[in-house]
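# Observations on chain architecture
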Amino acid sequence: MTDAPLAQRFAEAMGQLLGPDFPSDLGLAVSGGGDSMAMLYLAHNWTREYGVRLWVVTVDHGLRAESAAEANLVAEECAALGWPHATMRWHWDGAGNVQDAARRARLSLIDQWRGSLRHVLIAHTRDDQAETVLMRLARGSGVDGLSGMRAARDVVPHGGATSDLAPDDMQGRVPPRGEGGSGYQVVRPCLDFERAELRHYLTVLKGRWVDDPSNENRDYDRVRIRHLLKLMGEEGITTTVLADTARHMARARDGLTARLIDAVRSLTSDAPLGQVRIERDGFAALDEETRLRLLTAGLRYVSGAEYRPRLSSSEALLRQVLSGGGGTLHGAEVLVEKTHLRIIRELAAVTDVAKSPDALWDGQWRLLDPDGVLPEDAQFRALGEDGWRQIADRSRISIPFRAALALPSVWSGQTLLACPAIGFGPHLEACRFVLGRPDTGIEAFCLSH
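All of the points below concern the structure found in this document. Residue numbering note: each chain is counted from 1, following its sequence as written. Reporting in this predicted model follows two pLDDT cut-offs: at least 70 for local features of residues, and 80 or more for side-chain atom pairs to be given and counted; totals over whole chains, interfaces and linings ignore these cut-offs and use all residues. Note that the side-chain values use all heavy atoms of the structure and ignore hydrogens as well as water.

## A look at the pattern of salt bridges
Pairing is possible between side chains of opposite charge, provided their charged atoms come close. Selection rule: Criterion for a salt bridge: a side-chain nitrogen of Lys or Arg within 4 Å of a carboxyl oxygen of Asp or Glu. In this text, helices come from DSSP runs of H or I with a minimum length of four residues, and strands from runs of E with a minimum of two, each type numbered from the N-terminal end.
Under the counting rule described, the total for this entry stands at 34 salt bridges. Measuring nitrogen to oxygen at the nearest pair gives 2.7 Å for the salt bridge that ties Arg 402 to Glu 333. Here the residue Arg 402 occupies a position in helix H14 (residues 401-404), and Glu 333 occupies one in strand E11 (residues 332-336), the gap between them amounting to 69 residues. Here the salt bridges share partners, and the residues they tie into one network are Asp 35, Asp 128, Glu 131, Arg 195, Arg 199, Asp 211, Arg 222 and Arg 226.

## Some remarks on the sheet that holds strand E17 (residues 429-434)
Across a sheet, paired strands are connected by hydrogen bonds in the backbone, their directions being either parallel or antiparallel. In plain terms, the rule: We call two strands paired when DSSP finds no fewer than two bridges between them.
Here we have 3 strands laid out as an open sheet, ordered E13-E17-E18, and antiparallel in their pairing. Every interior strand has two partners, whereas the edge strands, strand E13 (365-368) and strand E18 (437-438), have only one. Here E13 runs beside E17; their pairing, made up of 4 bridges, is antiparallel. Looking across to E17, one finds that Leu 368 is bridged to Glu 429.

## Side note on the side chain of Arg 126
Keep this limit in mind: Per-residue accessibility, obtained with a 1.4 Å probe over protein chains only, is compared with the maximum for each type, and a residue is labelled buried under 20%, exposed over 50%, and partly exposed between these values. The criterion used for residue contact is that any of the two residues' heavy atoms lie within 4.5 Å.
Its place among the elements puts Arg 126 in helix H5 (residues 126-138). Accessibility expressed as a relative area gives 8% for Arg 126, which makes it buried. Among residues more than four places away in sequence, those in contact with Arg 126 are Cys 190, Leu 191, Asp 192, Phe 193, Glu 194, Thr 239, Thr 240 and Ala 243.

## What about the environment of Arg 300?
By the secondary structure assignment, Arg 300 is in helix H11 (residues 288-303). C-alpha separation for the pair Arg 300 and Phe 445, spaced 145 residues apart in sequence, amounts to 9.3 Å. In contact with Arg 300, not counting residues within four places along its chain, are Ala 305, Glu 306, Tyr 307, Arg 308, His 330, Leu 435, Phe 445 and His 449.

## Comments concerning the packing of aromatic side chains
Note the following rule: Aromatic rings from Phe, Tyr and Trp, with only the six-membered ring used for Trp, were paired whenever their centres fell within 6.5 Å, and each pair was classed as stacked if the ring planes differed by under 30 degrees, edge-to-face if by over 60, and tilted otherwise.
Scanning all chains against the criterion turns up 6 aromatic pairs. Summarising the aromatic geometry, the rings of Trp 46 and Tyr 50 are spaced 5.0 Å apart at their centres and angled 25 degrees between planes, so their arrangement reads as stacked. Of this pair, Trp 46 and Tyr 50 both sit in helix H2 (residues 34-50), 4 residues apart, which is roughly one turn of that helix. Centre to centre, the rings of Trp 361 and Phe 380 are 5.7 Å apart; their planes meet at 35 degrees, and the pair counts as tilted.

## Examining the nonpolar core
Just so we agree on the cut-off: Working definition of a nonpolar core: buried Ala, Val, Leu, Ile, Met, Phe, Trp, Tyr and Cys residues. They are joined through side-chain atoms within 4.5 Å.
With 30 residues, the main nonpolar core has Phe 10, Leu 28, Met 37, Val 56 and Leu 121 as its most contacted residues. Those elements that place two or more of their residues in this core are helix H1 (6-18), strand E1 (25-29), H2, strand E2 (53-60), helix H3 (67-81) and helix H7 (195-205). Element by element, the count of residues in this core is highest for H2, at 8 residues. Apart from residues no more than four positions distant in its own chain, Leu 121 is found in contact with Phe 10, Met 14, Leu 18, Gly 27, Leu 28, Ala 29, Met 39, Val 187 and Pro 189. Grouped together as the second largest cluster of nonpolar side chains are 29 residues, Leu 294, Ala 332, Leu 341 and Ile 343 included.

## Focus on the sheet that holds strand E15 (residues 408-412)
Stated precisely, the cut-off is as follows: Note on geometry: axes are C-alpha line fits, over the in-contact stretch for helices, and angles between N-to-C directions span 0 to 180 degrees.
Taken together, the 3 strands give an open sheet; going across it, the order is E14-E15-E16, and neighbouring strands pair in antiparallel fashion. Only two strands of the sheet have a single neighbouring strand rather than two, namely strand E14 (378-382) and strand E16 (415-418). Along the sheet, successive strands turn relative to each other by an average axial angle of 45 degrees, direction set aside. Judged from the 3 bridges that link them, E15 and E16 form a sheet pairing that is antiparallel. In the strand pairing of E16, Val 410 is matched with Ala 418.

## Quick notes on empty space enclosed by the protein
Heads up, the rule is: Definitions used throughout: a 1 Å grid over protein atoms alone; a cavity as a set of points that fits a 1.4 Å probe which cannot get out; a pocket as an open set with protein on both sides within 12 Å along at least five of seven lines; a lining residue as one with an atom within 4 Å of a point. Grid points are joined across faces, edges and corners, and a volume is the space filled by probe spheres set on the points. Gly counts as polar in this scheme, as do all residues outside two lists: the nonpolar Ala, Val, Leu, Ile, Met, Phe, Trp, Tyr, Cys and Pro, and the charged Asp, Glu, Lys and Arg.
Under the defined criterion, the tally for this structure stands at 1 cavity of 30 Å³ or more. What the largest cavity holds in volume is close to 90 Å³. What lines the largest cavity is a set of 15 residues, and nearest its centre among them are Leu 273, Gly 274, Arg 345, Trp 365 and Ala 406. When grouped by side-chain class, the residues that make up the lining of the largest cavity number 9 nonpolar, 3 polar and 3 charged.

## As for the environment of Trp 209
The line we're drawing: Polar contact is defined as a pair of N or O atoms within 3.5 Å, subject to the rule that within protein one atom must be able to donate a hydrogen and the other to accept it, and that residues adjacent in sequence are counted only when both atoms are side-chain atoms.
Mapped onto the elements of the fold, Trp 209 is located in the loop between H7 and helix H8 (221-233). Each C-alpha atom, one on Trp 209 and one on Ala 43, is 16 Å from the other, the two residues being 166 residues apart in sequence. Here Asp 211 takes part through its side chain, which lies 3.5 Å from a polar atom of the side chain of Trp 209.

Here it is as structure tokens:
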């Protein structure tokens, strides 16, 4: 720990992350635990000098009987401090890993709550960073995983993380509505603070907080890692050492990302079709790490996937591609052409996806019908071989047959009405979004992810 007062270090962190022109309003995600309550008090005292208005949200996951009372505790403290507070309730459907589902839901619910706010503070600490690094090390993560959590990162919640809110699922005062942009930024001003010093700060202030009993439940990976850290600390592998390792890895990650961007700029081309073309000779000449990063970036971009595919699967596909064969992975397909690799959406991933034209298709495409030409029974689905056969004049289509099959198209029954991406049919526009953002090409995708 440094000798500087915690409040001073908090102000310095806020200045580095958000200064010098601070936003007029900030969001805080506060659970009622020691870390987030300490952040609330730190932020409250910090605003006296900077005049920023705070908005506080508590996500009640409903997984424990005490969670509603804990949300009420946060609401009471916010009322005493003079800040507006809201509670968002989540209802788990019982599917998948509960911790991962809760994390995704939390980000999505905060997005629904935040209104026009662009920044939300979250109280992750140096201990959380160390635990994250160890958990990822246990999973065999590389440089990106071992770089840990960023002090600030953009979040665009993936569709389907939460269902529509019931009237009772959001209670309290919410930030003003307005143009909040696509997603928001999570800011972690306490990432270089130790959990113990935040608890000491609370104790000195005589602040209130609750201890979540699930933090001692060894059924959870993070809890087991937390106990392991105590033993490792006796051998010199402390939270500080692991946090420093994360910082070193983050520096390496940023350097590798810069190399990736150079490769994207020199070797790839993309189009409004959501596909990627990579020069084969230039790709083969890249170092192995940059080749792998470029390949996985292309797969994610085309499929709109939130995460990269598993390393072992990516390496296997890379070997196939370098030997002259293609393959499918992560909802995308790599075609090996004479001079280029072409990464396209895998047809099997969208064959059974059909939606009304005003819905987001494949989580990526939205149809615009400015002239109102579509019939009531119109459906949005993949072109497929049936659609391809219905296009009599293909002379203006610049992409090969296989690359066109997964493109979004509009149907009435079994009749193809339009495939806007290749200019077939009446005047329609198909706008593509990648992870919730308007598609601005693979370079911008790599820079923002």
